[in-house]
Amino acid sequence: MEPTAVVTETPVEVNSPVSLEGDSLKQATRTGKRKSDEPDKPETSVPSKRCRGRKKPGSGERYIPPPQRRNPCISQEHFNETSYYFEGGLRKVRPYYYDFKTYCKGRWIGKSLLEVFKSEFRAESTEYYQRAAKEGRIRLNETTVEDLSVVLRNNDHMRNTVHRHEPPVVSRPMEVLVDDGEVIVVDKPASIPVHPCGRFRHNTVIFILGKELGISKLHTVHRLDRLTSGVLLLARTLETSKKLDQLVRDRQLEKEYVCRVDGEFPDGELICEEPILVVSFKIGLCRVDPKGKECRTVFNRLSFNGKTSVVRCLPLTGRTHQIRVHLQYLGFPIINDPIYGSSAWGPHRGKGGLVGKSDKELLQALVEEHQSKESLHLLDIPDDGIGNVQEAGKNKTSEKMVRLDGSCESDKSGENDQTQTDVICGDKKPDAQVPTGCSSSSEAVNEASHSASYMDLNSTSLKESQSSLPNKSNGNETEENDSTQKTPPVARDHLCSECKLVRPDPTEKELIMYLHALRYKGPDFEYSTRLPDWAKEDWVETD
């Protein structure tokens, strides 16, 4: 085969900073009169649009204050909610009290609080919510609610205080590759979400950078899947964020990934242009489908060790799970991909788009497979998604967990509708639902799955319980990093069902998927990381 001619370009410095100069950042000057130039007008008392037509509550009616805009920025107050400890190669978060807040959704209007809890937040029993209400943990418009029969109305503000547990992630330090005051580039370890979502809050890139390195008020530019490692760009300023976002939209940001796949990948360049359809935004599951959106990924094999291949991937579009779905379609899934390498896809594991199951059957098969292996934590499926599947297959067994008293009970981790995303300064305010009880497994994969309500981030602990919590974060917990360290005592909550369970820890190997963002390159910058050990030609997999 003739070698492909390479066009030599002007070299750029690897891991060089973004230049903010140039036409891409110049903003057009808007013409118009200044307010001070306008002639003075007599002040008149005109009610605001929000207040017009608002009726005062009649006798016996419940007063509902007007909705207020709250500061969504993550601050030091949020970083100080709890602290980390390290054990068995894992970064763990001490359980803490947290307030989930939301305004009443349209579909809740006219329903009682108890009806909403029973229909949408099924992680806990009716008895739990009734006890929580009596202890002042459930509030409506900042007033404690002891009777859950109260009927919800438009603009009702709900607050639910829970004892929150987070899943562990790998303990590998977050390496900062570049910090030039405008852009921060980190080498994200696998297993760590970029921003708060699902059960994850402190075990995220945003919180780890804030708590351990004092880096906050960041703007996300792009996202990596939780199990994917590699180059992650975060902007320090809104101007830089807008510039990089425009590069992404204009497809001027060149992305290079490496992965290790099953089998002998074909030599030479291979292009996959199969359209990808999101099966469910809420679930975050995708597949090749003619009705999907256009996609294009360029693959090149780098090495083959007789069993698996290392493949270079250039995604020219940015669809959800694009690389993973295209590799599955080609018949070479990433060897430890818990979703697209699963046998739930059938004997061909989705090769050529052959599944032979409906979307609902496929999701149910995925959940059942990981339940049998006690590895539901590996699925990027939000809790309500798992719960819906479990309802569809009621005759199936649930994942078992050991209680502290030695008995077993079924995992309720999928039975609640609790998707939560916190807001990073400068980003759009994502919508979220009110998770209740101790949050359970899995993260929300796609922001589009969140329903239309605004989540306030101001978290306050129960005063009577705060003193029993472990020492709060001092901004740097890395000195505790001792893999043999015993689990420190943590505050237990008498209402918390999670406190009564002992979940087996995932192994460090289980939390790593062999997909790595190796390089991101723009018109005047290039950021890259070292090649992961598993991507090297002489790598040998260990049991």
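A quick note: this is a predicted structure, and the numbers were derived from the prediction, not measured.

### Side note on the overall build of the protein chain
A tally of regular secondary structure across the protein chain gives 9 helices and 22 strands. Taking the contacts inside the protein chain whose residues are at least 6 apart along the sequence as the reference set, 71% of them involve residues at least 24 apart. By element, 48% of the accessible surface of the protein chain is carried by carbon and sulfur atoms, the whole surface being about 26400 Å².

### What about the sheet that holds strand 1 (residues 84-87)?
On the basis of which strands lie adjacent, the open sheet formed by 3 strands has the order 1-2-7 and antiparallel pairing. Lying at the two open borders of the sheet, with one neighbouring strand each, are strand 1 and strand 7 (169-170). Sheet topology note: the strand 1/strand 2 (residues 90-93) ladder contains 4 bridges and is antiparallel. If you follow Y84 over to strand 2, its bridge partner there is V93.

### Describing the pattern of salt bridges
This model, assessed by the stated rule, comprises 31 salt bridges. We note a salt bridge from R172 to D187, for which the minimum N-O separation is 3.4 Å. Placement of R172 in the loop between strand 7 and strand 8 (175-179) and of D187 in strand 9 (residues 183-188) is noted, with a sequence separation of 15 residues between them. For R172, a relative accessible area of 35% gives the class partly exposed.

### Here's the deal with unusual backbone geometry
Most peptide bonds take the trans form, and the phi angle of most residues other than glycine is negative. Of note in this structure, E142 is not a glycine but carries a positive phi near 65°. Looking at the element boundaries, E142 is found in the loop between strand 4 (138-140) and strand 5 (143-144). Positive phi values are uncommon outside glycine, yet R349 reaches one of about 50°. Tracing the chain through its elements places R349 in the loop between helix 6 (322-330) and helix 7 (359-372).

### Re the pairing of strand 12 (residues 254-262)
The two faces of the sheet receive side chains in turn, since in a regular strand these alternate between them. Buried residues dominate strand 12, accounting for 7 of its 9 residues. As judged from the 6 bridges shared by strand 12 and strand 21 (residues 515-522), these two strands associate in the antiparallel manner. Its bridge partner lying in strand 21, C259 is registered against L515.

### Details of the sheet that holds strand 4
Strand order across the open sheet formed by 4 strands is 3-6-4-5, with antiparallel pairing between neighbours. The sheet terminates laterally at strand 3 (96-103) and strand 5, the two strands that pair on one side only.

### Some remarks on the pairing of strand 3
The element strand 3 is extensively covered by neighbouring structure, given that 8 of its 8 residues are classed as buried. Alternating residues of strand 3 divide into Y96, Y98, F100 and T102 and Y97, D99, K101 and Y103, and every residue in both groups is buried. The pairing of strand 3 with strand 6 (residues 157-164) spans 8 bridges and is antiparallel. Paired with Y98 across the two strands is V162, which belongs to strand 6.

### Remarks on helix 3 (residues 126-134)
Within helix 3, burial applies to Y128, Y129, A132 and A133. Burial along helix 3 is one-sided: seen end-on, the buried residues are contained in an arc of 130°. Exposed residues pointing more than 90 degrees away from the buried face of helix 3 are listed as E127 and K134.

### Some points on the packing of aromatic side chains
Enumeration over the complete set of coordinates arrives at 14 aromatic pairs. Geometrically, the ring pair formed by Y96 and Y98 is edge-to-face, given 6.5 Å between the ring centres and 85° between the ring planes. Ring centres 5.2 Å apart and planes at 80° place the aromatic pair Y128 and Y129 in the edge-to-face group. On the accessibility criterion, Y128 (7% relative accessible area) is buried. In this structure Y129 comes out as buried when scored by relative accessible area, which is 1%. The side chain of R164 reaches across the aromatic face of Y98, ending 4.7 Å from its centre. In this structure, K211 is placed above the aromatic ring of Y84, and the distance from its NZ or CZ to the ring centre is 5.0 Å.

### Points about helix 6
Of all 9 residues that make up helix 6, 8 are buried, and the element is covered over most of its length. Backbone geometry just downstream of helix 6 places G331 in the positive-phi region, at approximately 90°.

### Points about the environment of C496
Tracing the sequence through the fold places C496 in the loop between helix 9 (463-466) and strand 20 (501-502). Taking the C-alpha atoms as reference points, C496 and A132, 364 residues apart in sequence, are found 9.9 Å from one another.

### Quick word on the state of the cysteines
Inspection of every chain in the model, using the stated rule, returns 0 disulfides. Not part of a disulfide, C272 finds its nearest cysteine sulfur in C295, a span of 8.3 Å. Since its relative accessible area comes to 3%, C272 is described here as buried. Summary of cysteine pairing: C313 is not part of a disulfide, and the nearest cysteine sulfur, belonging to C259, is at 3.6 Å.

Thresholds, definitions, all that
Residues numbered from 1 in each chain as written. Predicted model: local features only at pLDDT ≥ 70, side-chain atom pairs only at ≥ 80, totals over all residues. Heavy atoms only, no water. Helix = DSSP H or I, 4+ residues; strand = E, 2+ residues; numbered from the N terminus. Contact = heavy atoms within 4.5 Å. Areas by Shrake-Rupley, 256 points an atom, 1.4 Å probe, with all protein chains shown as cover. Pairing = 2+ DSSP bridges. Salt bridge = Lys/Arg side-chain N within 4 Å of Asp/Glu carboxyl O. Buried < 20%, exposed > 50% of the residue type's maximum accessible area, 1.4 Å probe, protein only. Arc of directions from axis to C-beta. Phe/Tyr/Trp six-rings, centres within 6.5 Å; stacked < 30°, edge-to-face > 60°. Lys NZ or Arg CZ within 6 Å of the ring centre and 35° of its normal. Disulfide = S-S within 2.5 Å.

Remember that the coordinates give geometry; whether it matters functionally is a separate question.
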